[in-house]
Amino acid sequence: MLAEPLPNPGSETAAPGVVILGGAHGTLALARSLAAMGVPVTLVSNDTPLPGWSRHVSWKFSWPGPDAPDAISYLLDLAAKHDLAGSLLVAGGDAEVQMVSRSLDALSAVYRVSLPAWEQLQWVCEKPLLYRRAAELGLAVPLTYAFASVDEAERAEMHFPVVLKPNMGGGDSALARAKVVRADDKASFLAAFEVAAREIGAENVVVQQLIPGGGKAQFSYAALWNNGEPVAEFTARRVRQYPVEFGYTSTFVQVVEQPEAIAVSRRLLSSVSHHGLVEIEFKHDARDGGLKLLDVNPRPWSWFGLAGAAGLDLGAMLWATATGVDVGMGTAQVGTAWMYLARDMVAAAQLMARGELSLRDYLGSFRAVRTWAAFAPNDPVPGVLDLPLTAWRVLTRRVLKERTGA
């Protein structure tokens, strides 16, 4: 059964345009980009309400979520009831990506979908498969351990510190909520691994040696691909992040030139004939000079708004490509920056306390900022609500669940 729609003020009906499933800051930036071209945006989410407070979201629905047994029938009924057939369907979160890609045939009968089938996409979404494909292509990755059980992990010889990650984004386990857990010795590793293995299975826990260095060593490739070819692409440095060594989220991101990241990303994405938006994370390893592949995110990412601010509006290009309009490759303006102010202040304070950032340099970084994670002058409400929503999200989804063991 369909949930009741929650129309934004001034919106009386949904219309074919773009339907975005879930997501947070990346979804908000995409909605703003599309609305600037007059494209109606419908948000379907069971997650953070932040994007739904944007004046650029014409219609919003609450639903059971991508893991619900009736998720596909819900989306098909939604299209029929609200005249959304023919809309471009964009997955805004990790769980939504998997659900849409796995059900591509059923959803493509009603929507236009900006993802490849799961048979292709799983090779970049599931980390064990991603690292296997990287090895086949000769691409560098961090030292990675695979354990089938806690007993096997106990017997292993390891190099610390390490990080633990779920094999794929999404889900509501403690490890999925944390995204990354650091362990500096065998005892702390086993404690974290036992909890993660109990929740999601030992085979679904990825363990990697932590590459030293903070955000300045971390780079990203951001792009739009169409049927196995890049439409537009650029690279950025994750200058600051929180936590500062293996960021849960980016806080200050700046466009830079990183030709190696582009070359590696093209090889990887070509191997799966990628289609749609994508962000690939790398970290430079000063120990051997290599650029190590970390993760692939085939959805709008947190700093998605940087693209438009830098002159390479991937949201506009996504819509143009989906509607059969050719677009030129274009170039992103080097030096343009995006900031998540509330969390960047915390990250900067930690770096200053460690002597790795001066107050003068921190204040100077504001000169490069052309877009913010939530605030926009013509769309102020999400920016006002972002801090209390983040605080509530941390309290309810992380602190209280960890205390209760839920």
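I will try to describe carefully the structure that is included in this document. (Residues numbered from 1 in each chain as written. Predicted model: local features only at pLDDT ≥ 70, side-chain atom pairs only at ≥ 80, totals over all residues. Heavy atoms only, no water.)

What follows concerns the overall build of the protein. Across its full length, the protein carries 15 helices and 16 strands. Relative to the 2.2 N^0.38 estimate, which gives 22 Å for 406 residues, the radius of gyration of the protein is 21 Å and therefore close to what a compact globule would have. With respect to the three principal axes, the spread of C-alpha positions in the protein is 60 × 50 × 45 Å. Looking at the protein residue by residue over its 406 residues, the buried ones come to 54%. (Helix = DSSP H or I, 4+ residues; strand = E, 2+ residues; numbered from the N terminus. Rg over C-alpha atoms; globule rule 2.2 N^0.38 Å. Buried < 20%, exposed > 50% of the residue type's maximum accessible area, 1.4 Å probe, protein only.)

Locating Arg133 in the fold gives a position in helix 6 (residues 127-137). Owing to a relative accessible area of 13%, Arg133 belongs among the buried residues under this scheme. Placed 44 residues apart in sequence, Arg133 and Arg177 show a C-alpha to C-alpha distance of 26 Å. Filtering out sequence-adjacent residues up to four positions away, Arg133 remains in contact with Trp123, Leu268, Ser271 and Val272. (Contact = heavy atoms within 4.5 Å.)

Looking now at the side chain of Ser33. Among the secondary structure elements, Ser33 is positioned in helix 1 (residues 25-35). Residue classification places Ser33 among the buried positions, given a relative accessible area of 8%. Engagement of the side chain of Ser33 in a polar contact is seen with the side chain of Asp313, the distance being 2.6 Å. In this structure the side chain of Ser33 is engaged in a polar contact, spanning 3.3 Å, whose partner is the backbone nitrogen of Ala316. Contacts of Ser33, omitting those with residues within four sequence positions, involve Asp313, Gly315 and Ala316. (Polar contact = N/O pair within 3.5 Å; in protein donor to acceptor, adjacent residues only side chain to side chain.)

None of this, on its own, says anything about what the molecule does.
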